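Coordinate analysis (summary)
So the chains spell out like this:
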Amino acid sequence: MSFRNDIRNIAIIAHVDHGKTTLVDAMLKQSKVFRINQAMGNLIMDSNALEREKGITIMSKNTAVMYQGVKINIIDTPGHADFSGEVERIISMADGCLLLVDSVEGPMPQTRFVLRHALKRGLKPIVVINKIDRANARIAEVVTITQDLFLELATSADQLDFPILYANAKEGTAVTEPGMPGKDISKLFDCILAEVPPPHIEGGQFQMLVSNLNYDNYKGRITIGRILRGKVAPHDSVAKISANGEVSYHKVAEVFTYLGLERIKIEQADAGDIVAITGIEEASIGDTITSLDDIKALPRIEIGEPTVEMTFGVNTSPLAGKEGGFCTTRQLRERLYRELETNISLRVQDTDSPDTFLVKGRGQLHLAILIENMRREGYEFEISKPEAITKVIDGKLVEPVELLTIDTKDEYIGVLTEALSKRQALMTDMRNDGMGNVRLVFKIPTKGLLGLHSYFLISTHGDSIMNTMFLDFEPCHGEIVSNRNGVLVASETGKAITYGLNNAQGRGLTFIEPGTKVYEGMIVGQNSRLQDIPVNVCKEKKKTNIRSSTSDIAVKLTPPLKMSLEQAIDFINKDELVEVTPQNIRLRKKVLTYSQRLRGAAASRPRVKK
Ligand SMILES: Nc1nc2c(ncn2[C@@H]2O[C@H](COP(=O)(O)OP(=O)(O)OP(=O)(O)O)[C@@H](O)[C@H]2O)c(=O)[nH]1
Ligand SMILES: [Mg+2]
């Protein structure tokens, strides 16, 4: 066994928004890996369109910088709990990690989750207290809490001996003592070289675990992983071992390493480095690629279970097939199963209805991102209300339970605790900082979290943050009754007009503008009472010969409430669907005709095919 001193492999891990991607920016900028014509924006690694829009990282990504002749391979990871599968997946590529902790928020639930995984994997940790420039930074306190977290999670005594740095990632500075003036990020680079062990090199033939996949229109599938032993070069013949142990044979086309934002073509890559290889078609994450002389599989990556499921079906609305490029069962099925190759915490199952698939993910956002991506690619489909996944263990029905952390203001405690107790949440902690800010911690079944986010934003006026983390499966305590008001359901097919909408507004809120195409069974608003009622929004005013003094006054409508995809998913009940097309997000009843709904033709949910 030997070491390779010219490389370090690190993962950057933290709770959501603690500044991981910003720190990667700083490392990239300082190491001047940009070409002159490359723009040096912010959050450079958040390159996917949805990541940029939402300002969060969704997928783990690789980059690398050179520092004092050593290549530091950096893996940026997402901090949102719904994407924690991404962290579990890539952590095996690293020997060390930078654990970022916000100097105000301190360690949060996801900090614990990612640190536990990193320590279990034996990664050498470096703690970076970030955002030290924030006005109410409480650095000393946050350091103590972080140390306590290590005491709780360390798997060996030497993991307790970790260096701490203090950073302002936005400015691109890091120092070794709080209060020291910061100049650049060199101290962090120095610390990585000194503390993170160089990669171990085992003797033997080429072996690599596929940890990430990418596509390129010209090069085809790109397989990314860390070479555990041996070396690889273009035109090498290799074997691939897939999940069921099947061995297939391939020829490597090209080999690349990372530097900054570039993938650089190389003639040979050696053990310890993180590389991208083309030419291996049909590789999946978790597969092992080996030399032909010693075909042995590495242990597959284990990922936590999904907690939330919903159905994806072919669009069955009367407006189907008009707005999307991909509308058939075959196209939908292919797209969903293709997603499994890269989105490894996702599950897809066929159901007894051939047009409907059951899709399971790590949370509502995990599924919403998939839906949004598909919609932008031109797919048209319908989705059901998300539900928590239950299962039977030792004859008992169990359901997922999560830890919910809320940072809010004093004045919202009452409204939040009341709403949460109806959702079977139990408060486990409440801390007040004496300045009107309070942190509430609850244990809540996942089903109680579904649909909570929109309510949360409205009731706290967008002034609070909520975070969740999966805890365990626990015995089920019965259903939560939805207390949402009823909906206004279009009773005719046609175009909505002002007169009809004005009448509907007499019953509640409306969701659509005049001119919107509607169909019978489409949800066009929310009733101010509990029942659903049919409304005819296409109805024109009766023409009469008699003039009335008020009839010519133009009707002024209240602007409609337009829902985003996530709001729509939050809103619907079990007997409703969201119709998703590249151009529109419509809400509808599963059963479209009023008379059938009256007869109680509750649309049954498709069952998973055995
Ligand atoms: N004041 C201050 N703000 C910072 C600092 N570092 C990051 N931020 C801000 O914090 C926000 C989140 O930063 P990101 O780098 O996207 O955080 P992240 O950890 O990558 O977030 P996810 O990938 O979504 O988990 C951005 O608005 C940054 O500008 C810092 O040192 N000081
Ligand atoms: Mg990020």
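Above this text is the structure in question.
Just so it is clear, the structure is predicted and the values come from calculations on it, not from any experiment.

With respect to the coordination of the magnesium ion (ligand 2)
Within the protein, the atoms that donate to the magnesium ion (ligand 2) are T21 (OG1) and T57 (OG1), at distances of 1.9 Å. Note that T21 is positioned in helix α1 (residues 20-30) and T57 in the loop between α2 (49-54) and β3 (61-67), a separation of 36 residues in sequence. Given the relative accessible area of 8%, T57 is considered buried.

Concerning the sheet that holds strand β15 (residues 255-259)
Spatially, the eight strands line up as an open sheet ordered β14-β13-β19-β10-β11-β18-β15-β16, and their pairing is antiparallel. The sheet is open, and its two edges are formed by β14 (247-251) and β16 (262-266), each paired on a single side. Taken over all neighbouring pairs, the strand axes of this sheet differ in orientation by 40° on average, direction set aside. Judged from the five bridges that link them, β15 and β16 form a sheet pairing that is antiparallel. What sits directly across from F256, in β16, is K265.

Some thoughts on unusual backbone geometry
With a phi close to 50°, Q68 is a non-glycine residue in the positive phi region. Secondary-structure assignment places Q68 in the loop between β3 and β4 (70-76). Overall, Q68 belongs to the exposed group, its relative accessible area being 60%. Phi is positive for D394, which is not a glycine, with a value near 50°. Structurally, D394 can be placed in the loop between β25 (391-393) and β26 (396-409). Take D394: its relative accessible area is 77%, and that puts it in the exposed class.

Regarding the packing of aromatic side chains
Applying the stated criterion to the full structure yields six aromatic pairs. A ring pair is formed by F150 and F162, whose centres lie 3.9 Å apart and whose planes are at 20°; its orientation type is stacked. Linking F150 in helix α5 (residues 139-153) with F162 in the loop between α5 and β7 (164-168), this pair joins segments that are 12 residues apart in sequence. For the pair F150 and F162, one class covers both residues: buried. The side chain of K391 reaches across the aromatic face of F473, ending 4.1 Å from its centre. The ring of F571 carries the charged tip of R484 above its face, separated from the ring centre by 4.3 Å.

Considering the side chain of Q505
Within the secondary structure layout, Q505 lies in helix α12 (residues 498-505). If sequence neighbours within four positions are ignored, Q505 has contacts with T510, L557 and T558.

Here we look at helix α9 (residues 413-422)
All of the buried residues along α9 are I413, L416, A419 and L420. Down the axis, α9 shows its buried residues gathered within 145° of arc, on one side only. Positive phi appears at Q424, one or two residues downstream of α9, with a value of about 65°.

Cut-offs applied
Residues numbered from 1 in each chain as written. Chains lettered and ligands numbered in written order. Predicted model: local features only at pLDDT ≥ 70, side-chain atom pairs only at ≥ 80, totals over all residues. Heavy atoms only, no water. Donors = N, O, S within 2.8 Å, 3.2 Å for Na, K, Ca; no water. Helix = DSSP H or I, 4+ residues; strand = E, 2+ residues; numbered from the N terminus. Buried < 20%, exposed > 50% of the residue type's maximum accessible area, 1.4 Å probe, protein only. Pairing = 2+ DSSP bridges. Axes fitted to C-alpha atoms, helices over the stretch in contact; angles between N-to-C directions. Phe/Tyr/Trp six-rings, centres within 6.5 Å; stacked < 30°, edge-to-face > 60°. Lys NZ or Arg CZ within 6 Å of the ring centre and 35° of its normal. Contact = heavy atoms within 4.5 Å. Arc of directions from axis to C-beta.

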